[in-house]
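Overview (structure and organization)
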Amino acid sequence: MVAAGTRARVRAELTREIVDVARRHLASDGAAALSLRAVARELGMASSAVYRYFPSRDELLTTLIVDAYDALGADAEEAERAVPRSDLRARFRSVCTATREWALAHPHEYALVYGSPVPGYAAPESTIGPAARVGVVLSRVIADGVDSGVVDPAADATGADATLTPGLAVSVGLPIEEPNSSLAARMVLAWTALFGLISFELFGHTNNVVDDRARYFDDAVERLATMVGLRQEEGRPAATP
């Protein structure tokens, strides 16, 4: 039993070393150029030994992708937990801010999951749950708004939820069945807008357009919070019309 435990620990440590080296290669060479052979060379291992841990480049990429999604999701969730439960708008804001801060601190990992697709790679289902973590925590805030009577699911009566994949609202914690509801659609808009804001900033698309990026982002997040139905708390200035 002791020997088996030691082997498991050694395997886990070496697996982590392989992933750490691969993450450095991701930063220096990009995801498309990731090579198990190059990782093995840096570790001083035979490539055949690395293949015992990761049978293919795609499995290593999947691990990097899941790790990135989970790290981002954990930061967003931790930020949201630190805010009083009754302050819905601050909870929403905290998730958005933590997401941006993680992206700016980990640009290469962010680019792996939200940048250009890696040629020849198809993400497996195991990435779906980790990828949804930020969206789920945003949905939780909005759902709490519905439960407390702050958020009206059919505020605009457009019925836009009908445009979404059946069951999506329930899957992210928004069990809204009203025919005129647009709540889940507004949540999806907020989620995609959040990552659009971050991607445009991180990949340089707002260069020569936005000078004060942090303030612009904060203003945009306030607009998104209003759009999903979270009320502006007293004493905080509203976003500029």
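The written sequence of each chain sets the order in which its residues are numbered from 1. Given that the model is predicted, a residue must reach a pLDDT of at least 70 before its local features are reported, and side-chain atom pairs must reach 80 or more before they are shown or counted; all residues, however, enter totals for whole chains, interfaces and linings. Heavy atoms throughout the structure, all of them, feed into the side-chain values; hydrogens and water do not.

**So, the overall build of the protein chain**
Condition: Strands are runs of DSSP state E lasting at least two residues, helices are runs of H or I lasting at least four, and both sets are numbered from the N terminus onward. Throughout, exposure labels follow a simple rule: accessible area from a 1.4 Å probe, protein chains only, divided by the maximum for the residue type, with under 20% read as buried, over 50% as exposed, and the rest as partly exposed. Pairs of residues are marked as contacts when any of their non-hydrogen atoms sit within 4.5 Å. Using the Shrake-Rupley algorithm and a 1.4 Å probe, accessible areas are obtained, with residue cover drawn only from the displayed protein chains. In this tally, Lys and Arg are treated as positive and Asp and Glu as negative; His is ignored, and so are the chain termini. By convention, the charge on Lys lies at NZ, on Arg at CZ, on Asp at CG and on Glu at CD.
What the protein chain contains, in helices and strands, is 11 helices and 0 strands. Put simply, the protein chain runs from its N terminus to its C terminus through helices and strands in the order α-α-α-α-α-α-α-α-α-α-α. Dimensions along the principal axes, computed over C-alpha positions, put the protein chain at roughly 60 × 50 × 35 Å. Classification of the 241 residues of the protein chain by burial places 41% in the buried group. Restricting to contacts in the protein chain with at least 6 residues of sequence separation, those with at least 24 account for 69%. Here the protein chain has roughly 12700 Å² of accessible surface; of this, 56% comes from carbon and sulfur atoms. One way to put it: in the protein chain the 24 positive side-chain charges average out to a point 6 Å from where the 32 negative ones average out.

**Quick look at the side chain of Thr 62**
The residue Thr 62 is located in helix α4 (residues 57-81) in this model. For Thr 62, a relative accessible area of 12% gives the class buried. Beyond its immediate sequence surroundings of up to four residues, Thr 62 is in contact with Tyr 121, Pro 124, Ser 126 and Thr 127.

**So, the packing of aromatic side chains**
As a reminder of what qualifies: Centre distance within 6.5 Å is the pairing criterion for rings of Phe, Tyr and Trp, where only the six-membered ring of Trp is used; planes under 30 degrees apart are then read as stacked, over 60 as edge-to-face, and the remainder as tilted. Note on criteria: charge over ring means Lys NZ or Arg CZ within 6 Å of the ring centre, with the direction from the centre no more than 35 degrees off the ring normal.
Under the criterion given, the structure shown has 5 aromatic pairs. Look at Tyr 69 and Tyr 114: their rings are 5.9 Å apart centre to centre, the planes differ by 85 degrees, and that puts the pair in the edge-to-face class. Pair noted here: Tyr 69 is in helix α4 and Tyr 114 is in helix α6 (residues 107-114), with a separation of 45 residues, a long-range link. Taken together, the aromatic side chains of Tyr 69, Tyr 110, Tyr 114, Phe 195 and Phe 203 make up a single cluster linked through ring pairs. Positioned over the ring face of Phe 217 is Arg 100, at 5.4 Å from the centre of the ring.

**Brief notes about the environment of Asp 152**
Along the chain, the position of Asp 152 falls in the loop between α8 (133-147) and α9 (168-171). For Asp 152, a relative accessible area of 40% corresponds to the partly exposed category. Placed 30 residues apart in sequence, Asp 152 and Ser 182 show a C-alpha to C-alpha distance of 9.3 Å.

**What to know about helix α5 (residues 88-105)**
As a reminder of what qualifies: In this analysis, the expected span of each helix is defined as 1.5 Å times one less than the number of residues it contains.
Taking 1.5 Å of rise per residue, the 18 residues of α5 would be expected to cover 26 Å, and the 26 Å separating its terminal C-alpha atoms lies within 8% of that figure. Counting buried positions over the 18 residues of α5 gives 14, a clear majority of the element.

**Quick look at the UniProt feature "domain: HTH tetR-type" (unreviewed entry) in the protein chain**
Where we set the bar: UniProt positions are given in the numbering used here, feature names are shortened, and annotations may be inferred rather than shown by experiment.
Look at the UniProt record and you will see "domain: HTH tetR-type" (unreviewed entry) annotated at residues 12-72. Between the end C-alpha atoms of residues 12-72 the distance is 22 Å, and the span holds 77% helix and 0% strand.

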